[in-house]
Structures are given as structure tokens and as C-alpha cells.
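Summary of the model geometry
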Amino acid sequence: MKNFNKFFRRITTVILSALLGIYGIQFYENYTYSSNLNSFLEDAAVVSNLHKQASQNFSSILDFDEINREEFESTLNQVVNNAQEAYNLVSNLETSFSSKERDLLEISVTSWLKGLETFQVSMVTLIDSKYSQEIDESIAESIVDLAIGDKAYKDFIILISEKSQEDNIFLPEFYPIEYTELESGAYKFAEIIVERARQSSTGLFLRKDLAITGVDFLPSPITLTEDDHNVLLNEPTTIQVVIANEGNVEEFEIVILILVSDEYGESIYEKRAKINSIKPLESRSYFTDPIDIEPGVLHEWFIKIEEIENEEELDDNLFTVTGFIPPEG
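Residues numbered from 1 in each chain as written. Predicted model: local features only at pLDDT ≥ 70, side-chain atom pairs only at ≥ 80, totals over all residues. Heavy atoms only, no water.

A word on the overall build of the chain
- Along its length, the chain carries five helices and nine strands.
- Going residue by residue from the N terminus, the α and β elements of the chain occur as α-α-α-α-α-β-β-β-β-β-β-β-β-β.
- Counting the 329 residues in the chain, one finds 40% classified as buried.
- In the chain, of all internal contacts separated by at least 6 residues, the share reaching a separation of at least 24 is 73%.
- In the form shown here, the chain has an accessible surface area of approximately 18800 Å², with 50% of it arising from carbon and sulfur atoms. (Helix = DSSP H or I, 4+ residues; strand = E, 2+ residues; numbered from the N terminus. Buried < 20%, exposed > 50% of the residue type's maximum accessible area, 1.4 Å probe, protein only. Contact = heavy atoms within 4.5 Å. Areas by Shrake-Rupley, 256 points an atom, 1.4 Å probe, with all protein chains shown as cover.)

What follows is the structure, given as C-alpha cells:
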């Protein structure tokens, strides 16, 4: 009887140990899964927020009549940056955690990033070569990728919501995200975008145009003759040249040539200057060195901006102005 009790206690101990071991393993697995799930949901919420902002910005740049070239490019850069950040976040998720929800989210961020990068390259090419028909297909492909991302994300929301209800899981906020008008079809949507871009009238297409918008004498002239000659004070004269960028792309290393000659055709001053950069719709001033001119002799200041590649308007790159110091006595 004593041996039986001893044997029974041993069996009981073994069974309890096995049950505790099984419970411990199950508890650990549940804890690990819950921890990974919570971490996944937190990262997925960040992804949702990034693409909410990106999709809103993407929608805003499609109204080509309300956006200029500089705004278009900077906004699209930000959209792609957000998509890249979201993609990196999902790519670095815990590899041991796998689920249908994670697969759908990966499809979303991968398709969105691919579509946005293709769209960025294609649109810049389109607006710089507005008659290129080959670009239409590339833009259509980018819209297809965006539509795939939209659909995968929509399925992700449905699936994660069902899991939340079944397992009583608290979900962070997941925003509705849509880059494309899915009901109209991806290729139809692409056609609409291309047509909008080509009809844009607000300067979306690349336009290069520098202009000399003003030349002033320093010190100021005494008066102006009937022949538009400036009557100057008898002291060293400087001119201020105002250069404007009337295009929609920033220009760099703008070269200005300034030549002063007298009425006999003799050159008395020559200067080749450079302005580092001028942003769209901005102006820069350049001041020449003070020079002495002979009283009683008419002088001409010839100013020229050297032509930049693909500049549309060249007539305003030249400017001439005349002046003289009255003869003594």
C-alpha cells in the first residue's frame, strides 16, 4: 500500500509537470503572438497615417489648373518619400510573425510605392515632352499598381476588422485610403490624368525664360532727353541690372555680359558676370563697378544674358541704355 501511494504521487507529479509544461508553452506562444500582433498593429497604423497624407497630397496635385511646376514636383517628392518610409517600415516587421493581414499590407505598400515612383518619372517626362505618346502607357501602368495597392489595403481593413471582432482585439485607427478612382477603371483614370496634364494652363510644363526687367543708373540721372538719353551727374556711374526668372524652373549660373562704348565705337568697359541661381518668378540684381565716362560724349550700355538651353523667349535677354555727362561750361 505504501509503495502504491508512492507510485501514485510520482505519476501525479509527472502528469502535473506535463500539464504545466504544456500550459507554459501555450502561454508563451500566446504571449509571443499577442506581442507580435500588437507590434504589427502599431506599425500598420503608422503606415496608414503615412499613406493617408500621401494619398491626400497625391489627389491635390492631380488638379493641374491649381498647381504650378515647383509645387507639383515638391509635393510629388513628399508623396514618394512617405510611400518609401511606409515600405521600409513593413519590410522591417518581425519576420516570425506571419498572417494574411500582413501579406495584404505588404502588397499594398509595395504596389503603392512602385506605382508612385513610376508615376513620378512618367509625369515629369510627360510634362517636359508633352507630345510623347509613349508616356501614356507608363502612366497607365502606374495607376494599375496604385489600384492594386488600394484593393489590397481595402481587403486588409476588412480582414483586420473581422479579426478584431472575433478575438476582441482593440484596433488603432486605420484610415480609408484610395489613390485611384477604382470605379472608373485604372486605364480610364490614367487617360483622364494625361488629358488634364496636357490641357494645364498654369505652367506645369517646363518653361525656361530669363529676362532683363530693369536697368537703373546710380546715382540717378538728372533728367531724360527727348531722345531717351539719360543726363548723368559728373561722377563715377554704376548701373543696377535686374534679372528675372519668368520661367517655372530654377536656373543656375546665369551669365551676364555688360559692355560700355562711346559714340565713336570705342569700348571703355567690359564685364562678364555670373549669378549663381534664380528661382522661378524671382529676381536678382547685379551692380557694375563705378566707371568714369568723358563729359560731353554719349555712351551706350549694352547688357546681355547669355542664352540658356531650351529658352523660349530671347528678345528680353538684351537691353541697351544711353547716357552722357553734360560738357563742362
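Observations regarding a negative patch on the surface
- On the surface, E246, E312, E313 and D315 cluster together into a patch of negative charge.
- Tracing the chain through its elements places D315 in the loop between β8 (299-305) and β9 (318-324).
- Here D315 falls in the exposed class, since its relative accessible area comes to 66%. (Patch = residues over 30% accessible without salt bridge, like charges linked within 9 Å, V, L, I, M, F, W, Y side chains within 5 Å. Salt bridge = Lys/Arg side-chain N within 4 Å of Asp/Glu carboxyl O. Lys, Arg positive; Asp, Glu negative; His and termini not counted. Charge placed at Lys NZ, Arg CZ, Asp CG, Glu CD.)

A closer look at the sheet that holds strand β2 (residues 223-224)
- Read from one edge to the other, the open sheet built from six strands follows the order β2-β3-β9-β8-β5-β6, with strand pairing classed as mixed. Two strands close off the open sheet at either side, each with one partner strand: β2 and β6 (267-278).
- Where strand β5 (residues 251-262) lies against β8, seven bridges are found, and the strand directions are antiparallel. Each residue of the ladder has a partner; that of I256, found in β8, is I305. (Pairing = 2+ DSSP bridges.)

Notes on the packing of aromatic side chains
- Inspection of every chain in the model, using the stated rule, returns eight aromatic pairs.
- The interplanar angle of 70° and the centroid separation of 5.6 Å between the aromatic rings of F58 and Y179 together place this pair among those described as edge-to-face. Taken as a pair, F58 in helix α1 (residues 2-61) and Y179 in the loop between α4 (134-167) and α5 (186-198) lie far apart in primary sequence, 121 residues in all. The same class applies to F58 as to Y179, namely buried.
- Plain terms: the ring middles of F217 and W301 are 4.9 Å apart, the flat faces sit at 85° to each other, and that makes the pair edge-to-face. Pair noted here: F217 is in strand β1 (residues 210-218) and W301 is in strand β8, with a separation of 84 residues, a long-range link. Each member of the pair, F217 together with W301, is buried.
- Aromatic ring contacts, followed pair by pair, group F40, F58, W112, F119, Y153, F156, F174 and Y179 into a single cluster. (Phe/Tyr/Trp six-rings, centres within 6.5 Å; stacked < 30°, edge-to-face > 60°.)

A closer look at the sheet that holds strand β7 (residues 283-287)
- Taken in spatial order, the three strands of this open sheet run β1-β4-β7, and their pairing is antiparallel. Looking at which strands have only one partner, the edges of the open sheet turn out to be β1 and β7. Neighbouring strand axes in the sheet, compared pairwise and without regard to direction, differ in orientation by 20° on average.
- With five bridges connecting them, strand β4 (residues 238-245) and β7 associate as antiparallel partners. Residue pairing for β7: V242 is matched across the bridge by S285. (Axes fitted to C-alpha atoms, helices over the stretch in contact; angles between N-to-C directions.)

Brief notes about unusual backbone geometry
- With an omega dihedral of 0°, the bond running from L218 to P219 counts as a cis peptide bond.
- Its place among the elements puts P219 in the loop between β1 and β2.
- The backbone phi angle of D228 is positive, close to 65°, even though this residue is not glycine.
- Of note, D228 is situated in the loop between β2 and β3 (230-231).
- Overall, D228 belongs to the exposed group, its relative accessible area being 52%.

Here's the deal with the nonpolar core
- Ranked by internal contacts, the top residues of the largest apolar core, which has 50 residues, are F58, F72, F119, M123, I139 and F156.
- Excluding residues within four positions of it along the chain, F58 makes contact with V79, L116, F119, L146 and Y179.
- Counting 25 residues, the second largest nonpolar core, distinct from the first, contains V215, I243, I258 and I325. (Core = buried A, V, L, I, M, F, W, Y, C linked by side-chain atoms within 4.5 Å.)

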